Structure formats: C-alpha cells, structure tokens
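Survey of secondary and tertiary structure
Single-letter residue listing:
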Amino acid sequence: MPGLGIVGLPNVGKSTLFNALTRKMAAAAANYPFCTINPNVGIVDVEDMRLHTLSEMSRSKKIVPATVTFVDIAGLVKGASEGAGLGNQFLTNIRETDAIVHVVRCFEDSDVIHVEGKVDPISDIEVINLELILSDMQMADNIAKRIEKQLKTKKELGATHATLLKALDHLNHNQPLRLLPLTPEEKEALTAYPFLTDKKVLYVANVSEASLPSMDNNHVQAVQAFAKKEGSTVIPICAKLEEELSQLSAQEAEEYLRSLGLQETGLCRLTKAAFSTLGLITYITSGEIETRAWPIPSGTSAVEAAGKIHSDIQKGFIRAEVVSFSDMIAYKGRIAARDAGRARSEGKTYVVQDGDVILFYHN
C-alpha cells in the first residue's frame, strides 16, 4: 500500500479530508469512533501549472499530472499497540505506507465528540506517537533477540545487532526513530525493517470555518511548535471547507475561495507537501500527444529517469536533451531554446532536477 497513510485519533477529520481529496464521498464520515475500519485508498493529482503552460506551447492532446496515493486508516486509541480498538489492523496498515499524514484536531465543537473528552492537539499527537513507539520497541526487541541467537555462526550480523540495540535505547527514551542520528551504514542496517516511527510525518492541523481565512489559532501554533522540533511540516486545513469545495465545479470553487480571502485550496497545498515529504520531484515530457509529469526520487540519474518511461529507453539510452522549465518559457519552446544554446546534452549520470523538460535519445 505505497503512499501516505492518513492517521489520527477518531473524530479529528481524517475521513472528511479523504473525501475531499478523492472528490467523492468514498470514506464514511460519522461522529463516532471506528467509523473507518478497512482503509480506503485514493489516488490524487498533484496540481502543477507548469504542465498547463507547456501543454499550450506543445498543443498537447492531454495532460498527465503526477499523483500521490493517500490511504485513509482507522482511528487510533490508547492501547493500540496492545490490540485495543482496531490497533493491530491500524499498525499493519500504516506499516505498509511510505509516510504519514497525521491529522490533528485544532477546532472546538461541542457537537463533535472527542475521544479523550477535550481538545488538546499535542496530547493527541503524543497518544499516537507513543503507540507507534511501543510497537517499534516490540519489533526491535524481537528482531534483536533473534539476531543475538545467530551471532555465534553469523558474525557479520554484529553491526546490525548493535544498531538495533541503539534504536531500542532511543525508543526507550520515548523518541521516534526518525530523530535518531545514524551513520549511512547504520541506516542501511535498519532499512530491512519497516519501523513506524522512522517514517516522515506531515501534520495536518484541521481547523473550523471560524479560523478562516488565516487558519491560525492557539491549537495550530502549538502543533507548529511541536513539529518544528522534529523538522516536520504543518499544513493548516479546514477539512469541512475542502469537502464542500470538492462538490463544486472548478469555477464555483474558485469564486467561493476568493470570497473567503483564500488563494488556493488546502488540498493543493497538502498534495504538494505530501509529494515533497515522499522525497519526490518531477521531470516533464511535452509533445503533441501529451504533456506529462514523471515523479522520481530526488537524486535520480538521467538513465534511471528514462526507465520510468520505458525499460527499452533505459537500455538503449544515448543521451538526454534537457531544457529547464524557465528556459522553455523564456524561449517559447525547445527549438528556440536549442538555437540559443540553452538545450543541454546530458549523459547517463546527470542528476535530474525538478522541472527539467527532457527529450531522451535512445537506440
């Protein structure tokens, strides 16, 4: 289940947010815990105005944006790591995702039950963090004990065992593994194990319509201060508003946003941040057939990027002709950019940059 898992305590707005993301009432949103039992999966387009600009230039028949996969996972309660509520299923579902979107309630509403009886976003974050830490402690301990038994005959496992003990000590101090400084070798040793607290986290501060248009209040500020300490991003969103906007036409939604003093939807901000959290960038191909964004991990080489289109292009790679998006605009297309010497000929090892507009030459 690759992508980002949407997690949080019950009744924080996870399913409402997911409904808006997928532009349909896919996830049942109800005012009681465990409404979402089986995770819903939604594939969401990443809005990128560069594609529209290049499409007009190339007279493309269609636009294919990059996408992000979101998974709506059941609400969590205290004791999940010991199987409380839907705990075991929750932890299995989140383990299969690449990163976490942690929705935190930052609004007061007496009509919406809070599972803990009060609105306290930091306490909510800590409840979930603790359950994930406890789950990771259990896994690290089990793996370390198993490897310890193998050390007599497999001395090469010593470094992995030492790293697991280091991780276990860190977890015992109530700290997520993403905050544990590790050497490249130690990181490599832990990659085989899908630790929950090693995943990157993107916090969504869910506010009410009363906090529009600033989307700021004391709860949001508390979440921002917490996230800053661990280097995480916070996206304030009014999930209720986003769900309403998702039911309108593009023109109606734009007019409604402007009437509220907002420039873009929260979902647009969220999908861009989610894409970045996954460590992805896009390169672009553009022609009469289509203008397409190709998502790749940051640091991908030209020959690896070619394989994203087709393995045959990767195998027969000769070179990549690269024009930056800004040069495509400045020179009104590839041909004029080439004539001005702004089209670069790059080899297999060239590291692709976000927004590169690429033409691959191959056998």
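So, here's what we can say about the structure. (Residues numbered from 1 in each chain as written. Predicted model: local features only at pLDDT ≥ 70, side-chain atom pairs only at ≥ 80, totals over all residues. Heavy atoms only, no water.)

**With respect to the overall build of the protein**
Scanning the protein from terminus to terminus reveals 14 helices and twelve strands. Taking all 363 residues of the protein together, 49% fall into the buried category. Across the protein, the fraction of contacts at a sequence separation of at least 24, relative to all contacts at a separation of at least 6, is 69%. With an accessible surface of roughly 17800 Å², the protein has 51% of that area assigned to carbon and sulfur atoms. (Helix = DSSP H or I, 4+ residues; strand = E, 2+ residues; numbered from the N terminus. Buried < 20%, exposed > 50% of the residue type's maximum accessible area, 1.4 Å probe, protein only. Contact = heavy atoms within 4.5 Å. Areas by Shrake-Rupley, 256 points an atom, 1.4 Å probe, with all protein chains shown as cover.)

**A look at the packing of aromatic side chains**
The relative placement of two aromatic rings is captured by the distance of their centres and the angle of their planes. Summed over all chains, the structure comprises five aromatic pairs. Members of the aromatic cluster, each reached through a chain of ring pairs, are Tyr-283, Trp-294, Phe-317 and Phe-360. The ring of Trp-294 is capped by Arg-292, whose NZ or CZ atom sits 4.7 Å from the centre of that ring. Note that Arg-319 overlies the ring of Tyr-361, its terminal NZ or CZ placed 4.0 Å from the centroid. (Phe/Tyr/Trp six-rings, centres within 6.5 Å; stacked < 30°, edge-to-face > 60°. Lys NZ or Arg CZ within 6 Å of the ring centre and 35° of its normal.)

**As for the pattern of salt bridges**
Throughout the structure, instances matching the rule amount to 14 salt bridges. Close ionic contact of Lys-272 with Glu-264 constitutes a salt bridge, the shortest N to O distance being 3.6 Å. The exposure class of Glu-264 is partly exposed, given its relative accessible area of 34%. Where salt bridges share partners, they join Asp-48, Arg-50 and Asp-354 into one cluster. (Salt bridge = Lys/Arg side-chain N within 4 Å of Asp/Glu carboxyl O.)

**Section: the pairing of strand E7 (residues 233-237)**
In terms of burial, E7 is largely enclosed, as four of its five residues are buried. For strand E6 (residues 201-206) and E7, the ladder comprises five bridges, and the chain directions are parallel. Counted as the bridge partner of Leu-202 is Thr-233 from E7. For the crossover that starts at E6, traverses helix H7 (residues 218-229) and ends in the parallel E7, the hand is right-handed. (Pairing = 2+ DSSP bridges. Right-handed = clockwise from strand over helix to strand, strands pointing away.)

**Some words on the nonpolar core**
Nonpolar side chains tend to gather and get buried jointly when the protein is soluble and globular. Formed by 65 residues in total, the largest nonpolar core has its most connected members in Leu-17, Phe-70 and Tyr-203. Other than its neighbours up to four places away in sequence, Leu-17 contacts Val-103, Val-204, Ile-237, Ala-239, Leu-267 and Leu-270. By size, the runner-up hydrophobic cluster in this structure holds 17 residues, among which are Met-139, Ile-147, Leu-168 and Tyr-193. (Core = buried A, V, L, I, M, F, W, Y, C linked by side-chain atoms within 4.5 Å.)

**So, the side chain of Glu-346**
Its location among the elements puts Glu-346 in strand E11 (residues 344-346). Judged by its relative accessible area of 18%, Glu-346 falls in the buried class. Within polar-contact distance, the side chain of Glu-346 engages the side chain of Arg-344 at 3.0 Å. For Glu-346, the contacting residues outside a window of four places in its chain are Phe-317, Arg-319, Ala-320 and Val-322. (Polar contact = N/O pair within 3.5 Å; in protein donor to acceptor, adjacent residues only side chain to side chain.)

**A short note on the side chain of Arg-50**
As for its placement among the helices and strands, Arg-50 is situated in helix H2 (residues 49-58). A distance of 3.2 Å separates polar atoms of two side chains, one belonging to Arg-50 and the other to Asp-354.

**Description of the environment of Ala-162**
Residue position: Ala-162 is located in helix H5 (residues 158-172). Since its relative accessible area comes to 44%, Ala-162 is described here as partly exposed. The sequence separation of Ala-162 and Ala-144 amounts to 18 residues, and the corresponding C-alpha distance is 8.5 Å.

**Some thoughts on unusual backbone geometry**
For the bond running from Leu-212 to Pro-213, omega is 0°, close enough to zero to count as cis. One can find Pro-213 in the loop between E6 and H7. The residue Asn-11 is not glycine, and still its phi comes out positive at about 65°. Considering the arrangement of structural elements, one finds Asn-11 in the loop between strand E1 (4-7) and helix H1 (14-21). Using a relative accessible area of 12% as the deciding quantity, one classes Asn-11 as buried. Of note in this structure, Asn-174 is not a glycine but carries a positive phi near 65°.

**So, the environment of Leu-130**
The topology assignment puts Leu-130 in helix H4 (residues 121-150). Between the alpha carbons of Leu-130 and Pro-176 there is a distance of 8.8 Å; along the sequence they are 46 residues apart.

**With respect to the sheet that holds strand E4 (residues 67-72)**
Two orientations exist for strands paired in a sheet by backbone hydrogen bonds: parallel and antiparallel. With respect to topology, six strands assemble into an open sheet ordered E2-E4-E1-E5-E6-E7, the strand pairing being mixed. The open sheet has two edge strands with one neighbour each: strand E2 (40-45) and E7. With strand direction ignored, the average angle separating the axes of adjacent strands in the sheet is 25°. Strands E1, E2, E4, strand E5 (99-105), E6 and E7 of the sheet are contacted by helix H10 (residues 266-277), whose axis makes an angle of about 165° with E7. (Axes fitted to C-alpha atoms, helices over the stretch in contact; angles between N-to-C directions.)

**Notes on the environment of Gly-299**
Looking at where Gly-299 falls in the secondary structure, it is placed in the loop between strand E9 (290-297) and helix H11 (302-309). The spatial distance from the C-alpha of Gly-299 to the C-alpha of Ile-281 is 9.0 Å, given a sequence separation of 18 residues.

**Here we look at H5**
Taking 1.5 Å per residue as the helical rise, H5 with its 15 residues ought to reach 21 Å, and the 21 Å between its terminal C-alpha atoms agrees with that figure. All of the buried residues along H5 are Thr-160, His-161, Thr-163, Leu-164, Ala-167, Leu-168, His-170 and Leu-171. Buried residues along H5 sit in contact with H4 and helix H6 (184-190). At the exit of H5 stands Asn-174, carrying a positive phi of roughly 65°. (Expected span 1.5 Å × (residues − 1).)

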